[in-house]
Amino acid sequence: MSKKKNDKLSDIKQMSTLLLSGATMLADSCPDCKVPLFKKNENTFCPKCGRKAVFVSSDDEVREIEHAYSFSETREIIQDILTGKLTYIAQKLADCEDFEEMKIILEILDLLLNLTTKIIRIK
Ligand SMILES: [Zn+2]
């Protein structure tokens, strides 16, 4: 069997599994994969690439959504970095026995915690 035919068969298999699990097949299809979109528990998604689908009515709305998505990705990256640094600095504090050094570590810890709180608050 050709690879293309095989892919199509596995697409169909996946879609029937989704239908059996209670998902609904929509009339709209994924702009990239050209397969029908599915809806389950209020989430609309492409069964092939797994991307979430959002319906928009204007170009402005497209830009707004793209902006929101790219920002949330950036925020996640920053949060991961801050979490890593917090773990590192907490370990430094645990190992530190010099008061001057401890003061510096506590100042950095305070800055990191402030930043973490701020980044969580941004919507
Ligand atoms: Zn897709």
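Predicted model only: the values in this text are computed from it and were never measured. (Residues numbered from 1 in each chain as written. Predicted model: local features only at pLDDT ≥ 70, side-chain atom pairs only at ≥ 80, totals over all residues. Heavy atoms only, no water.)

## A short note on the coordination of the zinc ion
Donor atoms from the polypeptide that coordinate the zinc ion comprise C30 (SG), C33 (SG), C46 (SG) and C49 (SG), at 2.3 to 2.4 Å from the metal. Each of the four donor atoms around the zinc ion contributes to a set of angles spanning 99 to 120°, which defines the coordination as tetrahedral. Read in sequence order, the donor residues coordinating the zinc ion give the pattern C-x2-C-x12-C-x2-C. Residue C30 is found in the loop between β1 (24–29) and β2 (36–40), and its partner C46 is found in the loop between β3 (43–45) and α2 (59–95); the two are separated by 16 residues along the sequence. (Donors = N, O, S within 2.8 Å, 3.2 Å for Na, K, Ca; no water. Tetrahedral: all angles 85-135°; square planar, octahedral: opposite > 155°, others 65-115°. Helix = DSSP H or I, 4+ residues; strand = E, 2+ residues; numbered from the N terminus.)

## Here's the deal with the nonpolar core
Among the nonpolar cores identified, the biggest contains ten residues, and these are M15, L18, A23, C30, V35, L37, F38, F45, C46 and A53. Mapped onto this core, the elements with two or more residues apiece are α1 (3–20) and β2. One finds L86, C96, I105 and I119 within the second-largest nonpolar core, a separate group that totals eight residues. (Core = buried A, V, L, I, M, F, W, Y, C linked by side-chain atoms within 4.5 Å. Buried < 20%, exposed > 50% of the residue type's maximum accessible area, 1.4 Å probe, protein only.)

## Focus: the packing of α2 against helix α3 (residues 99–121)
It is at 10 Å that the axes of α2 and α3 come closest, and there the two elements cross at 155°. Put simply, α2 runs roughly antiparallel to α3. As α2 runs across α3, the sense of the crossing is left-handed. Here α2 contributes R75, I78, Q79, L82, K85, L86, I89, K92 and L93 to the contact with α3, which in turn contributes M102, I105, L106, I108, L109, L112, L113, L115, T116, I119 and I120. Residue composition of the contact of α2 with α3, by class: 15 nonpolar, two polar and three charged. (Axes fitted to C-alpha atoms, helices over the stretch in contact; angles between N-to-C directions. Parallel < 35°, antiparallel > 145°, perpendicular 65-115°, else oblique. Left-handed = near helix turned anticlockwise from the far one by under 90°. Contact = heavy atoms within 4.5 Å. Nonpolar A, V, L, I, M, F, W, Y, C, P; charged D, E, K, R; others polar.)

## Some points on the domain arrangement of the protein chain
Note on interface size: it is often stated as the accessible area lost on association of the parts. Domain assignment breaks the protein chain into domain 1 (3–45) and domain 2 (59–121). Using C-alpha coordinates to define each centre, domain 1 is positioned 38 Å away from domain 2. (Domains from an automatic or database assignment.)

## A few points about α1
Helical periodicity: at 3.6 residues per turn, an α-helix aligns residues three or four positions apart in one direction. Compared with the 26 Å implied by 1.5 Å per residue over 18 residues, the 26 Å span of α1 between its first and last C-alpha is a close match. Listed in full, the buried residues belonging to α1 are D11, M15 and L18. For α1, the angular spread of the buried residues around the axis is 55°, confining them to a single face. In α1, the exposed positions that point more than 90 degrees away from the buried face belong to K5, I12, K13, T17 and L20. Contact partners of the buried residues in α1: β2 and β3. Backbone geometry just downstream of α1 places G22 in the positive-phi region, at approximately 100°. (Expected span 1.5 Å × (residues − 1). Arc of directions from axis to C-beta.)

## Details of a nonpolar patch on the surface
Among the surface-exposed residues, V54, V56, V62 and Y69 lie close enough to one another that they form a single nonpolar patch of about 290 Å² accessible area. Note on placement: V62 falls in helix α2. (Patch = residues over 30% accessible without salt bridge, like charges linked within 9 Å, V, L, I, M, F, W, Y side chains within 5 Å. Areas by Shrake-Rupley, 256 points an atom, 1.4 Å probe, with all protein chains shown as cover. Salt bridge = Lys/Arg side-chain N within 4 Å of Asp/Glu carboxyl O.)

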